[in-house]
Amino acid sequence: MQFNEVIGQREAEQRLLQLVTEQRVPHALMFTGPMGSGKMALALAFASYLLGERHDGESLLQSSAMVQNAEAMLRKWQHPDLHFSYPVIRPKGTSSDHKIVSDDFSKEWHELLAEGPYFTMDQWMTRMNAENQQAVIYEAESDALNHKLNMKSSQGGYKISLIWLPERMNLTSANKLLKLLEEPPMQTVFLLVSEEPELLLETIRSRVQRFDVRRIDIDDITRALVEKRGIMEDDAHRIARASAGNWLKAIEVLDAGNENRQFFDLFVILMRKAYTRDIRELKKWSEAVAAFGREKQRRMLGYFMQMVRENFMYNFQQEEIRYMTREEEDFAQNFARFVNERNVVEIAEMMQRTIRDIGQNANAKIQFFNLATDMIIYLRR
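If you're wondering where the values come from, they're calculated on a predicted model, not measured in any experiment. (Residues numbered from 1 in each chain as written. Predicted model: local features only at pLDDT ≥ 70, side-chain atom pairs only at ≥ 80, totals over all residues. Heavy atoms only, no water.)

**Section: the nonpolar core**
Membership of the largest hydrophobic core comes to 62 residues, with the highest contact counts inside it found for Phe31, Trp124 and Trp164. Per-element tally for this core: the top contributor is helix α2 (residues 39-50), with ten residues. Residues within four places of Trp164 in sequence aside, it is in contact with Met40, Ser85, Tyr86, Pro87, Trp109, Phe119, Thr120, Met121, Trp124, Ile137 and Val193. Formed by 43 residues, the second largest nonpolar core is a distinct cluster that contains Trp285, Met300, Phe368 and Tyr378. (Core = buried A, V, L, I, M, F, W, Y, C linked by side-chain atoms within 4.5 Å. Buried < 20%, exposed > 50% of the residue type's maximum accessible area, 1.4 Å probe, protein only. Helix = DSSP H or I, 4+ residues; strand = E, 2+ residues; numbered from the N terminus. Contact = heavy atoms within 4.5 Å.)

Set out below in structure tokens:
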């Protein structure tokens, strides 16, 4: 994968290339930053370059035959010196004697990568048919990685260990990775891609060089939507602004059947029925959303909080501080005045409490009915 396949992030690209030029490539680099900013894409492009992929016609490998061979393997993510680690589940019916490792889901992982370097944990869970299971990097993964990395490089260059979401390692696995980071095998570079680095062991964070990735520029997302998706420039710009630097969100907006469209419809129903004090319909609404899985409920509430923020900001009539789709903005024209300085803080805090309580396995029907009836009071302020 080449750097020109990464959306935006030219400054980050130059920083990575400079590390190579100045021969300062650290043994462990941790990519962090907002979701959808392209951390994984940058890590994959950097790994490809270290393994021989050409950039501006130049490669770290000496012969053209080696370069062509490396690029052919990297196109399928099958380079023998590139090792992936990622959270996985224990499939139902698996023997307790079987030590779960990332390679158990290698087929699914390569299918996901083949679709592009921008994806979410939810997409990966769906790919694994995870249902309500938790995805973890198990102890056996660190053992397998230790074995792989202590073997000699098959191509005579770098060995790359790319770990996606290292914060999902269990404690035993994390401690074993720490030992690898303290005494890294020769010619090995660890590339960690983390959404929540604060969840990692402090000892691990202290042994990696942090590489912060910023949100993607609106112009870069606009350009990518026009060039990659064939969107008209005006619509592409609107979508780019609504995405707030998140390519994954930009793609969601394009998908007419995406989850956020469902969340928007549920938000509209909640606010309209709360305003008209329709208790019967609010009860139906709370029962409907209570049937969702808890993770989906939390994502929905997160979307609701964002909509509350956007409607509050709409009142200031300053386009540069609003990030809504056309449909969301059409609704805000009439609704935004009901979200104001007298209630915006209380509404946001109420939704945050509901997220917390849902996460602690509180009764979902009660929580959502309480939220719905409380909204009647707040919208009248």
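**Digging into the layout of surface pockets**
Of the volumes computed, that of the second largest pocket is approximately 330 Å³. Considering the residues around the second largest pocket, the lining is formed by 19 residues, among which Val253, Arg261, Thr325, Arg326 and Glu327 are closest to the centre. Of all the secondary-structure elements, those providing two or more residues to the lining of the second largest pocket are α10 (233-243), α11 (247-254), α12 (259-275), α14 (294-314) and α15 (326-335). Looking at the lining of the second largest pocket residue by residue, the classes come out as seven nonpolar, four polar and eight charged. (1 Å grid on protein atoms, 1.4 Å probe; cavity = no way out; pocket = protein on both sides within 12 Å on 5 of 7 lines; lining within 4 Å. Points joined across faces, edges and corners; volume = space filled by probe spheres on them. Nonpolar A, V, L, I, M, F, W, Y, C, P; charged D, E, K, R; others polar.)

**Comments concerning the sheet that holds strand β5 (residues 209-212)**
Pairing is parallel in the open sheet, where five strands are placed in the order β2-β3-β4-β1-β5. Both outer strands of the open sheet, β2 (82-85) and β5, are each paired with one neighbouring strand and no more. Geometrically, the sheet is characterised by an average inter-axis angle of 20 degrees between neighbouring strands, direction not taken into account. In terms of strand pairing, strand β1 (residues 28-32) meets β5 through four bridges, oriented parallel. What sits directly across from Leu29, in β5, is Gln209. Most of the contacts of helix α1 (residues 10-21) go to β5, to which it runs at about 150 degrees, and overall it touches β1 and β5. Contacts between helix α6 (residues 139-149) and the sheet are confined to β2, β3 (159-164) and β4 (188-193), with β2 contributing the most and set at about 175 degrees to the helix. (Pairing = 2+ DSSP bridges. Axes fitted to C-alpha atoms, helices over the stretch in contact; angles between N-to-C directions.)

**Some remarks on the pattern of salt bridges**
For the structure shown, the criterion picks out 27 salt bridges. With a closest N to O distance of 2.7 Å, Glu115 and Arg127 form a salt bridge. Of this pair, Glu115 sits in the loop between α4 (106-114) and α5 (121-127) while Arg127 sits in helix α5, and the two are twelve residues apart along the sequence. Residue classification places Glu115 among the exposed residues on the basis of a relative accessible area of 58%. Arg205 is the salt-bridge partner of Glu202, the closest N and O atoms lying 3.1 Å from each other. In this pair, Glu202 and Arg205 both sit in helix α8 (residues 202-205), three residues apart, roughly one turn of the helix. Overall, Glu202 belongs to the partly exposed group, its relative accessible area being 49%. Salt bridges sharing partners connect three or more residues here, namely Lys107, Glu111, Glu115 and Arg127. (Salt bridge = Lys/Arg side-chain N within 4 Å of Asp/Glu carboxyl O.)

**Some words on empty space enclosed by the protein**
Counted by the stated rule, this structure contains one cavity of 30 Å³ or more. A volume near 40 Å³ is recorded for the largest cavity. Elements represented by at least two residues in the lining of the largest cavity include exactly α6 and α7 (171-182). The element contributing the most residues to the lining of the largest cavity is α6, with three residues. When the residues that make up the lining of the largest cavity are grouped by side-chain class, the tally is five nonpolar, three polar and one charged.

**Examining the packing of aromatic side chains**
Applying the stated criterion across every chain, the model contains 22 aromatic pairs. Measuring from ring centre to ring centre gives 6.2 Å for Phe267 and Phe331, while their planes differ by 80 degrees; the resulting arrangement is edge-to-face. With Phe267 in helix α12 and Phe331 in helix α15, this pair connects stretches of sequence that are 64 residues apart. Across the pair, Phe331 and Phe267 agree in class, each one buried. The cationic tip of Lys296 hangs over the ring face of Phe292; the distance from NZ or CZ to the ring centre is 4.3 Å. Positioned above the aromatic ring of Tyr275 is the side chain of Arg380, whose terminal nitrogen or guanidinium carbon lies 4.6 Å from the ring centre. (Phe/Tyr/Trp six-rings, centres within 6.5 Å; stacked < 30°, edge-to-face > 60°. Lys NZ or Arg CZ within 6 Å of the ring centre and 35° of its normal.)

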